[in-house]
Number of protein chains: 2
Amino acid sequence: MTLRLYDLAGADPNRRFSPYCWRIRLALAHKRLAIETIPWRFTEKAEIAPSGSKTVPVLVDGDRWIADSWTIANYLEDAYPDSPSLFGGAAARRLTRHYSSLADALVTTIFPFIALDILQRVADKDRDYFRVSREQRVGKTLEAFVANRDAGLAGFRASLAPLRTTLKTQPFFGGDEPLYADYALFGQFQWARCISPFALLEEGDPVKLWRDRLLDCFDGLARKAVAYDV
Amino acid sequence: MTLRLYDLAGADPNRRFSPYCWRIRLALAHKRLAIETIPWRFTEKAEIAPSGSKTVPVLVDGDRWIADSWTIANYLEDAYPDSPSLFGGAAARRLTRHYSSLADALVTTIFPFIALDILQRVADKDRDYFRVSREQRVGKTLEAFVANRDAGLAGFRASLAPLRTTLKTQPFFGGDEPLYADYALFGQFQWARCISPFALLEEGDPVKLWRDRLLDCFDGLARKAVAYDV
């Protein structure tokens with residue numbers, strides 16, 4: 001039976017740009033699970049109401065609706081124990097929880113660079129929703145919010161120092177092969193490149209080299225997505 | 001056979017304040033290994049020369065000298081496989097590497113709050129070394145470096161948000177019980193309270209509650225240390 005995933009899309013239904021959905025797209029590929037993605041827009045709350053959530057990812061497995069990326073990852077691990085493990089064991093699963101927190105924090109630190117690029121690429125019916133909800137959140141217009149992004153780039157790149165330290169010693173956070181910890185962190189960098197031509201990462205940065213390795217995983221699943229070459 | 005650990009001490013030989021040594025003190029307790037700590041001062045490079053390192057922790061196990069906290073943790077896990085696992089398995093060990101990176105980054109973010117307090121508590125023979133080496137590193141006098149620490153406190157506490165997110169869902173980064181991931185992060189908070197009366201953490205903060213749980217581990221090993229009640 002094919003699983004279904006509600007997946008945030010832009011005006012172009014093939015532009016899939018949710019950082020949280022990308023975590024799950026790669027988790028599903030890791031689990032070798034067949035998946036049908038359903039393009040979903042911010043304002044289509046009714047479509048995913050059976051999940052109890054107003055945001056994606058939402059996974060539908062038979063009559064089960066599951067929302068929230070961390071909850072979905074745990075569901076997949078438990079429901080498909082014969083597929084490759086997403087976490088690498090019981091202790092590893094608990095240690096992975098913090099990677100999800102770190103990934104969520106990255107959403108906040110990357111948003112000031114790409115907020116206006118998102119607005120320009122969401123579906124027409126989502127534009128007002130996105131602008132109003134995000135401007136309320138950040139307390140200014142999106143134009144003002146991103147105006148000084150060039151000045152903030154060096155600080156953002158410096159903030160990735162701990163990632164860099166680890167990636168100088170091993171190719172993935174999970175070791176020689178990626179685990180959900182990698183997919184959680186990767187989701188944000190894939191979000192950025194799917195929605196914005198802004199070059200967040202510097203050439204040669206170990207973080208970019210790691211990101212590029214993940215682009216190549218699963219027969220280039222993430223690299224083949226509609227995205228910018230940054 | 002009792003292991004020996006060279007452990008950074010202040011003017012008071014019982015004041016043990018290295019963040020990296022505290023990681024290993026708790027790792028040794030987790031492994032249920034008997035340990036003799038040897039008070040060591042910054043300038044006693046000759047004492048630990050057989051390790052090839054100029055800094056502690058340095059562990060001596062028979063005729064083996066091992067330096068660097070991450071290297072020591074891995075050594076203990078491999079050399080004492082019948083003791084409780086520090087990592088929780090092979091994947092968990094690789095996932096723990098990044099906790100060590102996050103812990104190292106915390107050294108940098110905490111140092112501006114306690115740098116002068118350290119100077120005031122190091123052994124007399126270490127004072128010039130500490131001042132000169134650290135002032136070269138930060139590019140100003142230690143007095144100037146800490147002068148605005150009150151203004152930086154809110155930002156520091158905000159930077160702990162990802163830790164807080166995780167600790168609202170589970171008592172330790174390792175899950176229901178602490179693992180090396182916890183000890184790595186804890187070392188920095190123990191460093192601060194062993195050397196400085198400055199209240200880094202707010203009452204009620206989940207990060208402080210987690211720190212306090214670690215103070216109680218192993219029959220209060222860390223709580224019994226010479227430290228300030230902050």
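The structure displayed is predicted, hence computed values, not measured ones.

Caption draft 1: Up close: the interface of chain A and chain B. Every contact between the two is made by 25 residues of chain A and, on the other side, 25 residues of chain B. Here chain A meets chain B over a buried area of about 2,000 Å², counting both sides, of which 67% is carbon and sulfur. In this assembly, chain A and chain B are joined by zero salt bridges. Summed over the shared surface of chain A and chain B, the number is 12 residue pairs in polar contact (both at pLDDT 80 or more). Counting residues per element, the ones that place at least two in the side of chain A that touches chain B are α3 (90-121) and α7 (161-167) of chain A. Of the residues belonging to the side of chain A that touches chain B, the class tally is 12 nonpolar, 10 polar and three charged.

Caption draft 2: Summary view of the relation of the copies chain A and chain B. Each copy of the sequence occupies a distinct position, and chain A is placed on chain B by a rotation of 180 degrees and an axial shift of 0.0 Å, giving an RMSD of 0.0 Å. In short, the pair behaves as if placed about a two-fold rotation axis. By C-alpha distance to the rotation axis, the residue of chain A lying nearest is Ala-92 of chain A, at 2.2 Å. Here 100% of the contact residues of chain A are again contact residues in chain B; the copies associate through an equivalent surface.

Caption draft 3: View of the packing of helix α1 (residues 19-30) of chain A against helix α8 (residues 180-195) of chain A. Residue and element names in this part refer to chain A. Between α1 and α8, whose axes approach to 7 Å, the crossing angle comes to 130 degrees. What the angle tells us is that α1 and α8 run oblique. Considering only the axes of α1 and α8, their crossing is right-handed. Facing α1, whose interface residues are Pro-19, Trp-22, Arg-23, Ile-24, Leu-26, Ala-27 and His-30, α8 presents Tyr-180, Tyr-183, Ala-184, Phe-186, Gly-187, Gln-188, Gln-190, Trp-191 and Cys-194. Looking at the contact of α1 with α8 residue by residue, the class counts come to 11 nonpolar, four polar and one charged.

Caption draft 4: A look at the confidence of the model for chain A. The predicted model of chain A averages 98 in pLDDT, with 100% of residues at 70 or higher. Listed scores for the predicted complex are pTM 0.98 and ipTM 0.97.

Caption draft 5: Representation of the sheet that holds strand β1 (residues 3-8) of chain A. All names here are of chain A. Reading across from one edge, β2-β1-β3-β4 is the order of the four strands in this open sheet, with mixed pairing throughout. Of all strands in the sheet, those with a lone pairing partner are β2 (35-40) and β4 (64-67), marking the two edges. Averaged over all neighbouring strand pairs, the angle between strand axes comes to 20 degrees, with direction disregarded. Strand direction decides the pairing type here: strand β3 (residues 58-61) and β4, joined by four bridges, are antiparallel. Residue Asp-61 lies in a different strand from β4, and its bridge partner there is Arg-64. With respect to the sheet, α1 is in contact with β1, β2 and β3, its orientation differing from that of β1 by roughly 150 degrees. Taken strand by strand, helix α2 (residues 69-79) contacts β1, β3 and β4, and its axis lies near 130 degrees from that of β4.

Parameters at a glance
Residues numbered from 1 in each chain as written. Chains lettered and ligands numbered in written order. Predicted model: local features only at pLDDT ≥ 70, side-chain atom pairs only at ≥ 80, totals over all residues. Heavy atoms only, no water. Contact = heavy atoms within 4.5 Å. Buried area = accessible area lost by both parts, 1.4 Å probe. Salt bridge = Lys/Arg side-chain N within 4 Å of Asp/Glu carboxyl O. Polar contact = N/O pair within 3.5 Å; in protein donor to acceptor, adjacent residues only side chain to side chain. Helix = DSSP H or I, 4+ residues; strand = E, 2+ residues; numbered from the N terminus. Nonpolar A, V, L, I, M, F, W, Y, C, P; charged D, E, K, R; others polar. Least-squares fit on C-alpha atoms with pLDDT ≥ 70 in both. Axes fitted to C-alpha atoms, helices over the stretch in contact; angles between N-to-C directions. Parallel < 35°, antiparallel > 145°, perpendicular 65-115°, else oblique. Left-handed = near helix turned anticlockwise from the far one by under 90°. pLDDT = per-residue confidence, 0-100. Pairing = 2+ DSSP bridges.

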